[in-house]
Amino acid sequence: MTDRTNNFPPIPQFMRIRPCFYQNIEEEIPAPHQQLVRKVYILWMMYSGTLCMNVISCIAWWAGGGGATNFGFSLLWLILFSPCSYTCWFRPLYKAFRADSSFNFMAFFFIFFLQCVLTLIQTIGISGWGTCGWIATVIFFGYNVGSAIVMLITTLLFTLVTVLMGLVLIKVHRMYRGGGGSFERAQEEWSTGVWKSAPVREAGFNAVAQTAQGPSLPQYPAAVPSYPDNSHW
């Protein structure tokens with residue numbers, strides 16, 4: 001078994017802090033699900049990029065006559081939601097497909113649903129909340145067209161991300177239910193502590209891996225249920 005060194009987020013060597021997670025989709029995620037996990041990872045990057053663009057749009061909003069409160073909140077949302085979204089919903093999905101964990105699937109469904117609601121609110125764009133959504137952008141066209149155009153870019157990005165998040169939630173839920181997943185399985189994992197016990201999940205794999213040739217990198221069961229993929233997006 002090969003030692004793994006945390007590699008995410010990528011941090012320059014000269015800095016004293018080190019990456020917090022190990023992420024390697026090709027090595028840890030079963031081949032049938034790698035494409036989906038990559039798409040969700042790209043979606044996380046899109047959301048983080050949208051939050052960055054939202055800061056720029058709020059600066060334009062402020063320069064065009066809007067309040068500084070929106071700019072302050074936009075910075076807060078970027079600092080808070082960008083790392084938290086990775087930790088709270090991408091990592092559970094990653095671990096769910098990596099180790100066939102119903103508990104992590106349920107954690108993903110719950111947190112990602114809240115993320116969808118939050119992103120929808122950001123798309124709507126309530127003034128004073130630090131997001132350039134439809135309401136704030138349309139109203140500001142009557143005050144400063146240049147600033148409103150910059151705000152419109154962020155509005156369209158929020159709209160796109162919201163739609164894609166909804167599609168991801170529906171697709172993953174259909175795959176999970178189609179593969180025999182259920183809330184009862186998640187409850188069983190919670191009650192037995194399997195969800196947090198890597199050695200238990202590795203036992204079945206290691207028994208087979210001992211007879212394999214060469215080093216064995218995966219530390220999770222190779223036999224992951226084949227979740228159906230009946231639709232393309």
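Residues numbered from 1 in each chain as written. Predicted model: local features only at pLDDT ≥ 70, side-chain atom pairs only at ≥ 80, totals over all residues. Heavy atoms only, no water.

Turning our attention to the overall build of the protein. Counting its secondary structure elements, the protein contains eight helices and zero strands. Along the protein, helices (α) and strands (β) appear in the sequence α-α-α-α-α-α-α-α when read from the amino end. The buried share of the protein, taken over its 233 residues, is 42%. At a minimum sequence separation of 6, the contacts of the protein that also span at least 24 residues come to 67%. Taken as a whole, the protein presents about 12400 Å² of accessible surface, with 67% of it coming from carbon and sulfur. (Helix = DSSP H or I, 4+ residues; strand = E, 2+ residues; numbered from the N terminus. Buried < 20%, exposed > 50% of the residue type's maximum accessible area, 1.4 Å probe, protein only. Contact = heavy atoms within 4.5 Å. Areas by Shrake-Rupley, 256 points an atom, 1.4 Å probe, with all protein chains shown as cover.)

The next thing to look at is the packing of helix α2 (residues 31-63) against helix α4 (residues 102-124). In contact at an axis separation of 13 Å, α2 and α4 are set at 35° when each is read in the N-to-C sense. Between α2 and α4 the crossing geometry is left-handed. Listed contacts from α4 to L43, Y47 and L51 of α2 are F112, Q115, L118, T119 and Q122. For the contact of α2 with α4, the residue count by class is five nonpolar, three polar and no charged. (Axes fitted to C-alpha atoms, helices over the stretch in contact; angles between N-to-C directions. Left-handed = near helix turned anticlockwise from the far one by under 90°. Nonpolar A, V, L, I, M, F, W, Y, C, P; charged D, E, K, R; others polar.)

One pass over the structure, following the stated rule, counts 21 aromatic pairs. When the ring of F97 is compared with that of F105, the centres are 5.2 Å apart and the planes differ by 80°; the resulting orientation is edge-to-face. Accessibility expressed as a relative area gives 1% for F97, which makes it buried. The class for F105 is buried, based on a relative accessible area of 0%. Cluster of aromatic residues (ring-pair linked, three or more members): F8, F21, Y41, W44, Y86, F90 and Y94. (Phe/Tyr/Trp six-rings, centres within 6.5 Å; stacked < 30°, edge-to-face > 60°.)

Turning next to the packing of α2 against helix α3 (residues 68-99). Packing of α2 against α3 brings their axes to within 8 Å, and their N-to-C directions diverge by 175°. Judged by the angle between their axes, α2 and α3 are roughly antiparallel. Classifying every residue of the contact of α2 with α3 gives 25 nonpolar, seven polar and no charged. (Parallel < 35°, antiparallel > 145°, perpendicular 65-115°, else oblique.)

Averaged over every residue, the pLDDT of the protein is 81; the share at 70 or more is 75%. Confidence drops under pLDDT 50 across residues 198-224; counting only partners more than four residues distant or on other chains, this segment forms 35 contacts. (pLDDT = per-residue confidence, 0-100.)

Turning our attention to a nonpolar patch on the surface. A cluster of nonpolar residues, L120, I124, I126, W129, I135, I139 and Y143, forms a patch on the protein surface that exposes about 710 Å² of accessible area. Of all elements in the fold, only α4 and α5 (134-140) reach the threshold of two or more residues within the nonpolar patch. Mapped onto the fold, L120 is located in helix α4. With relative accessibility at 45%, the residue L120 sits in the partly exposed group. (Patch = residues over 30% accessible without salt bridge, like charges linked within 9 Å, V, L, I, M, F, W, Y side chains within 5 Å. Salt bridge = Lys/Arg side-chain N within 4 Å of Asp/Glu carboxyl O.)

To continue, consider α2. In this model, α2 (33 residues) spans 49 Å end to end at C-alpha, consistent with the 48 Å of a helix rising 1.5 Å per residue. One or two residues past the end of α2 sits G65, with phi positive at roughly 120°. (Expected span 1.5 Å × (residues − 1).)

Position of S101 relative to the elements: it lies in the loop between α3 and α4. Separated by 2.8 Å, the side chains of S101 and N104 make a polar contact. (Polar contact = N/O pair within 3.5 Å; in protein donor to acceptor, adjacent residues only side chain to side chain.)

Looking at the element boundaries, L78 is found in helix α3. With 26 residues separating them along the chain, L78 and C52 place their C-alpha atoms 6.5 Å apart. Each residue touching L78, except ones within four places of it in the same chain, is listed here: S48, L51, C52, V55 and P83.

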